[in-house]
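# A closer look at the structure
Listed below, chain by chain, are the residues.
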Amino acid sequence: MTQVRLVDSGTLRDVRRIERRGLEALWIEGPWSLQGEYLRQTTRRHALPGYRGDGWYLAGSWLLTGESRAYGGGNVANPRPAGRRGAVELLARYSRIDLDDGAVRGGRERNWTLGANWYLGSHLKFQANYVLADARRGAQHRQPEVLQLRAQLHF
């Protein structure tokens, strides 16, 4: 839809090794859930200075209709609606990414997301998100707003 990349480190040359380290946590208690992740990527290069970028997010949700999310095998499952009208979930998320390091000016971005999910059975979900972004890259400063609507059929 656009050629503008709000944050982008570009192609890193002369790469010797890439290391990625992260930490993720999840808490579920009845209709409430909280999830967060931190990720750091370090690029070691032969003749050029190294490069490091990092990012994180924190997201929380509340199932208004009282259901709870299931967790198993390292995955969080969609809730199974208890009633005929489905399950309704409200959520909020905050995220940041920093791709500026040394001579690489990939930019910095932070996002606020507010959303709602409507689960109609265990295979159909409707989703709406409003995202407010704030990105800086070099002299550019953009603050796009995004409205996302999605229908998802899950097999």
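To be clear, the structure that these remarks concern was listed above.
Since this is a predicted model, take the numbers as computed values, not measurements. (Residues numbered from 1 in each chain as written. Predicted model: local features only at pLDDT ≥ 70, side-chain atom pairs only at ≥ 80, totals over all residues. Heavy atoms only, no water.)

### Considering a nonpolar patch on the surface
Side chains of Leu23, Trp27, Trp32, Leu34, Tyr38, Trp56, Leu58, Trp62, Leu64 and Leu90 sit close together on the surface and give an oily, nonpolar patch of about 980 Å² of accessible area. Counting only elements with at least two residues in the nonpolar patch, the list comes to β1 (15-29), β2 (32-45) and β3 (51-63). Residue position: tryptophan 32 is located in strand β2. Residue tryptophan 32 is classed as partly exposed on the basis of its relative accessible area, which comes to 45%. (Patch = residues over 30% accessible without salt bridge, like charges linked within 9 Å, V, L, I, M, F, W, Y side chains within 5 Å. Areas by Shrake-Rupley, 256 points an atom, 1.4 Å probe, with all protein chains shown as cover. Salt bridge = Lys/Arg side-chain N within 4 Å of Asp/Glu carboxyl O. Helix = DSSP H or I, 4+ residues; strand = E, 2+ residues; numbered from the N terminus. Buried < 20%, exposed > 50% of the residue type's maximum accessible area, 1.4 Å probe, protein only.)

### Side note on the packing of aromatic side chains
For the structure shown, the criterion picks out four aromatic pairs. When the centroid spacing of 4.6 Å and the interplanar angle of 50 degrees are considered together, the rings of tyrosine 94 and tryptophan 112 count as tilted. Of this pair, tyrosine 94 sits in strand β6 (residues 87-101) while tryptophan 112 sits in strand β7 (residues 104-119), placing them 18 residues apart in sequence. The exposure class assigned to tyrosine 94 is buried, which follows from its relative accessible area of 15%. Overall, tryptophan 112 belongs to the exposed group, its relative accessible area being 52%. Measuring from ring centre to ring centre gives 6.0 Å for tryptophan 118 and phenylalanine 126, while their planes differ by 40 degrees; the resulting arrangement is tilted. A relative accessible area of 33% places phenylalanine 126 in the partly exposed class. Through a chain of ring-to-ring contacts, three or more aromatic side chains come together here, namely Trp56, Tyr94 and Trp112. Stacked on the ring of tyrosine 57, the Lys or Arg arginine 93 has its end atom at 4.2 Å from the ring centre. (Phe/Tyr/Trp six-rings, centres within 6.5 Å; stacked < 30°, edge-to-face > 60°. Lys NZ or Arg CZ within 6 Å of the ring centre and 35° of its normal.)

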